Each structure stands twice: as structure tokens, then as C-alpha cells.
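# Descriptive analysis of the structure
Chain by chain, the residues run as shown.
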Amino acid sequence: MPSEAFAYCESLVREADKDRYLATLFAPAAARPHLFALYAFNAEVARVREIVSDPLPGEMRLQWWRDALAGSAQGDVAAHPVAAALMETISQCRLPVDPFLDLIEARVFDLYDDPMPTLADLEGYTGETSSALMQLAALLLAGGRDQDTAEIAGHGGVAYAMTGLLRSFPLHASRGQMFLPAEVLDRHRVNRADVFAGRYTPALKAALAEMRGHVHRHLAAMSRTMGSIPAEVMAAFLPVALVRSYLARMECAGYDPFTTLVQVPQWRRQWTLWRAARQARCLARPAPERHGGG
């Protein structure tokens, strides 16, 4: 079962999380199956909202993962390929369980349409999900040893996750879900009814620009500590190298979050990751931007 489970995880990550899949290709071969298990777990809990009809079954799915991590889940956990691979990874790579539990708890927010109150709340949410995942990946690549990368993971994970939420803004708005902090919306006097109706107003434009500014701020903070990342854990942070390209597309003239698809061609993502894997400071430095072709 373990080999089949890890193969399943690789396939899931390739389809559901292409950025992290491509980044993992730059990790040592022996570590890749475990990284795929880690990222497959993340994909599983991140998509719970997509596959349930209301919050209660979503809560039950997340509780199953809590129980699986605690060793008290009903049924054969080993029969679930992602769970089987994850448990093997946690054991072999000496990963702590608490960050997984915190990640699951943070994902409860996804199941409901409650507003994100403040920027601090959003940073906490992205920290417990994306930043925690980066730190776990770094621990995995270091054989369970803490390489003092928590601050780097903190800023990098928040920047990457906020960018992902901005890219997914139209999807969330279409189902009445709002990750933009209420304090930011209120500061720019954004009418939420306009957002949920798909209207791109000057107020919303200003709010989204502010959020991109916060991403740039976290990238700048990360860049100040990039030189301390040990080479052995670099693959954990490579997805952050893609943030600048995504932001550039959202900062182009004519951008409309409801009509503009914020994508970067795979060849360019692979080139950016290749470049960053060889020069750590490129993670938070703008890459030369090319438009057209795809």
C-alpha cells in the first residue's frame, strides 16, 4: 500500500496544486514522495468546501482528519491513500502533529460564509495554513531538524496564500464567500452587494490594490532573510518565487478580477522555479516579465 499511496498523492498534487508539484521536482528524489504526501493532505482539506453541500458534512470530514492524526479515526485509515502516505511521512520524517491539527482548525473557516474581520485575522489564517505547510516541508527536507526558517515561512506563506486568495477572488465572490478583511473593505467603502454581484467598482479596485501592497510587504520582509535558507530546504520555499508573476498580471492595465484569468504559463513557472532554485534571493525579487504567448 505505501508505494501506491505515495503515487496517488503525487497524482493528486499534480492535478490540484501544480505550483507545489513543480517546486517538488527540485527537491531531492528521496524526499519527493513525502512532500507529495504533505501537499496531498493540504489539497484534501483545502477542497472540502468544494465537495460538500453544507458545513456539517464538511465539519465531519475535517474531524475525521483530526481523529486520523490522533490515531482514533473510525475505519481503516490505511485504506485512505493520502492518510496512509501522510502517517508514514510524519513517522519517517519526524514531523510534529500539532501544526497539522492547527491547519485543519483554520480550514473550518472555509466551510462558512463568515467575513474575515481584520488583516491580522487573515494573516493568522494564512499563517496556520500556508506558512505552516512551508515550515513542515522545510522540517521534512531537513530530516525533522529545525533550520530556523519559521520567520521565512511566516512571511513567504502569507504572501503566497494571499496571492492565491486574490487569484480566487471571483470564485469566492460567486458563492458569497469573502476573504478580504472587513476592515479593508470598510476603509475603501466597498459595497459587498457589488462584490457578490460581480461588479468591479473603483472602491473594490482600491481594496484589492491595498491587499497586493500587503503581499509586497511580506515579500520584502522575506527578502531580508533569504540568505539564511539552507540549500537542503530550499524546495519548501520555491512556490513563493511565483508570486511576483501573479501580482504583475493583477497590476496590469485593464485588470478586472471578474473577467481576467490570473495564470502564468507552465513553461514560465518552471523557468522561474529553476532560476530561484539556483539563486535564493530570486524568490522575492521581480523576474523579467514577458507578455503574450502561452
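Note that the coordinates shown come from a computational prediction; the quantities given were computed from them, not determined experimentally.

### Observations concerning the overall build of the protein
For the protein, the count of helices and strands is 15 helices and 0 strands. Taken over the C-alpha trace, the protein has a radius of gyration of 19 Å; the compact-globule value for 294 residues is 19 Å, and the two agree within 12%. The burial tally for the protein puts 51% of its 294 residues in the buried class. At a minimum sequence separation of 6, the contacts of the protein that also span at least 24 residues come to 71%. Accessible surface for the protein amounts to roughly 12900 Å². Of this, 53% is attributable to carbon and sulfur atoms. Distance between charge centroids for the protein: 11 Å, based on 30 positive and 32 negative side chains.

### Looking at helix α5 (residues 55-70)
Here α5 is 16 residues long and its end C-alpha atoms lie 22 Å apart, about the 22 Å a rise of 1.5 Å per residue gives. Looking only at α5, the buried set comprises Gly58, Leu62, Trp65, Arg66, Ala68 and Leu69. For α5, the angular spread of the buried residues around the axis is 165°, confining them to a single face. The outward face of α5, more than 90 degrees from its buried face, is lined by the exposed residues Leu56, Met60 and Ala70.

### With respect to the environment of Thr129
Here Thr129 shows up in helix α8 (residues 119-141). The exposure class of Thr129 is buried, given its relative accessible area of 3%. Each C-alpha atom of the pair Thr129 and Leu103 lies 5.0 Å from the other, and the pair is 26 residues apart in sequence.

### Here we look at the packing of helix α1 (residues 2-16) against helix α3 (residues 32-46)
The relative placement of two packed helices comes down to the angle between their axes together with the axis-to-axis distance. Between α1 and α3, the shortest axis-to-axis distance is 8 Å and the interhelical angle comes to 60°. For the element pair α1 / α3, the angle class is oblique. Here α1 runs over α3; the crossing is left-handed. Contacts between α1 and α3 pair Phe6, Cys9, Glu10, Leu12, Val13 and Ala16 from the former with Pro33, His34, Phe36, Ala37, Tyr39, Ala40, Ala43 and Glu44 from the latter.

### A closer look at the domain arrangement of the protein
Assigned domains within the protein: domain 1 (1-112) and domain 2 (113-282). Here domain 1 and domain 2 have C-alpha centroids that lie 21 Å from each other. Tallying the contact residues gives 31 residues for domain 1 and 36 residues for domain 2. The junction of domain 1 with domain 2 conceals about 2900 Å² of combined surface from both sides, 66% of it contributed by carbon and sulfur atoms. Looking only at domain 1, the three residues that lose the most surface to domain 2 are Asp19, Phe26 and Phe109, adding up to 23% of its buried area. The interface formed by domain 1 and domain 2 contains 3 salt bridges. Here Arg175 and Glu50 are joined by a salt bridge, their closest N and O atoms 2.7 Å apart. Where domain 1 touches domain 2, the interface holds 11 residue pairs in polar contact (both at pLDDT 80 or more).

### Points about the packing of α3 against helix α6 (residues 81-92)
In contact at an axis separation of 9 Å, α3 and α6 are set at 130° when each is read in the N-to-C sense. By the criterion of interaxial angle, the relationship of α3 to α6 is oblique. Along this stretch, α3 crosses α6, giving a crossing that reads as left-handed. Here α3 contributes His34, Ala37, Leu38, Ala40, Phe41 and Glu44 to the contact with α6, which in turn contributes Val82, Ala85, Leu86, Thr89 and Gln92.

### Comments concerning the side chain of Asp19
Inspection of the secondary structure assignment puts Asp19 in helix α2 (residues 18-24). In this structure the side chain of Asp19 is engaged in a polar contact, spanning 2.9 Å, whose partner is the side chain of Arg269. Aside from chain neighbours lying at most four places away, what touches Asp19 is Tyr160, Arg167, Leu242, Tyr246, Arg269 and Leu273.

### So, unusual backbone geometry
We note that Arg94 has phi near 55°; this positive angle belongs to a residue other than glycine. Relative to the helices and strands, Arg94 resides in the loop between α6 and α7 (98-107). At Arg189, a residue that is not glycine, the phi angle is positive and equals roughly 55°. With respect to the helices and strands, the residue Arg189 is situated in the loop between α11 (182-187) and α12 (192-196).

### So, the packing of aromatic side chains
Here the structure, examined in full by the defined rule, presents 9 aromatic pairs. On the basis of an interplanar angle of 20° and a centroid distance of 5.5 Å, the ring pair of Tyr21 and Phe36 is categorised as stacked. Here Phe36 lies in helix α3 and Tyr21 lies in helix α2, a separation of 15 residues in the sequence. The pair Tyr21 / Phe36 is uniform in exposure class, with both members buried. By the ring-pair criterion, three or more aromatic residues cluster together here, those being Phe41, Trp64, Trp65 and Phe100. Stacked on the ring of Tyr39, the Lys or Arg Arg20 has its end atom at 5.7 Å from the ring centre. The ring of Tyr246 has Arg167 lying over it, and the distance from NZ or CZ to the ring centre is 3.8 Å.

About the thresholds
Residues numbered from 1 in each chain as written. Predicted model: local features only at pLDDT ≥ 70, side-chain atom pairs only at ≥ 80, totals over all residues. Heavy atoms only, no water. Helix = DSSP H or I, 4+ residues; strand = E, 2+ residues; numbered from the N terminus. Rg over C-alpha atoms; globule rule 2.2 N^0.38 Å. Buried < 20%, exposed > 50% of the residue type's maximum accessible area, 1.4 Å probe, protein only. Contact = heavy atoms within 4.5 Å. Areas by Shrake-Rupley, 256 points an atom, 1.4 Å probe, with all protein chains shown as cover. Lys, Arg positive; Asp, Glu negative; His and termini not counted. Charge placed at Lys NZ, Arg CZ, Asp CG, Glu CD. Expected span 1.5 Å × (residues − 1). Arc of directions from axis to C-beta. Axes fitted to C-alpha atoms, helices over the stretch in contact; angles between N-to-C directions. Parallel < 35°, antiparallel > 145°, perpendicular 65-115°, else oblique. Left-handed = near helix turned anticlockwise from the far one by under 90°. Domains from an automatic or database assignment. Buried area = accessible area lost by both parts, 1.4 Å probe. Salt bridge = Lys/Arg side-chain N within 4 Å of Asp/Glu carboxyl O. Polar contact = N/O pair within 3.5 Å; in protein donor to acceptor, adjacent residues only side chain to side chain. Phe/Tyr/Trp six-rings, centres within 6.5 Å; stacked < 30°, edge-to-face > 60°. Lys NZ or Arg CZ within 6 Å of the ring centre and 35° of its normal.

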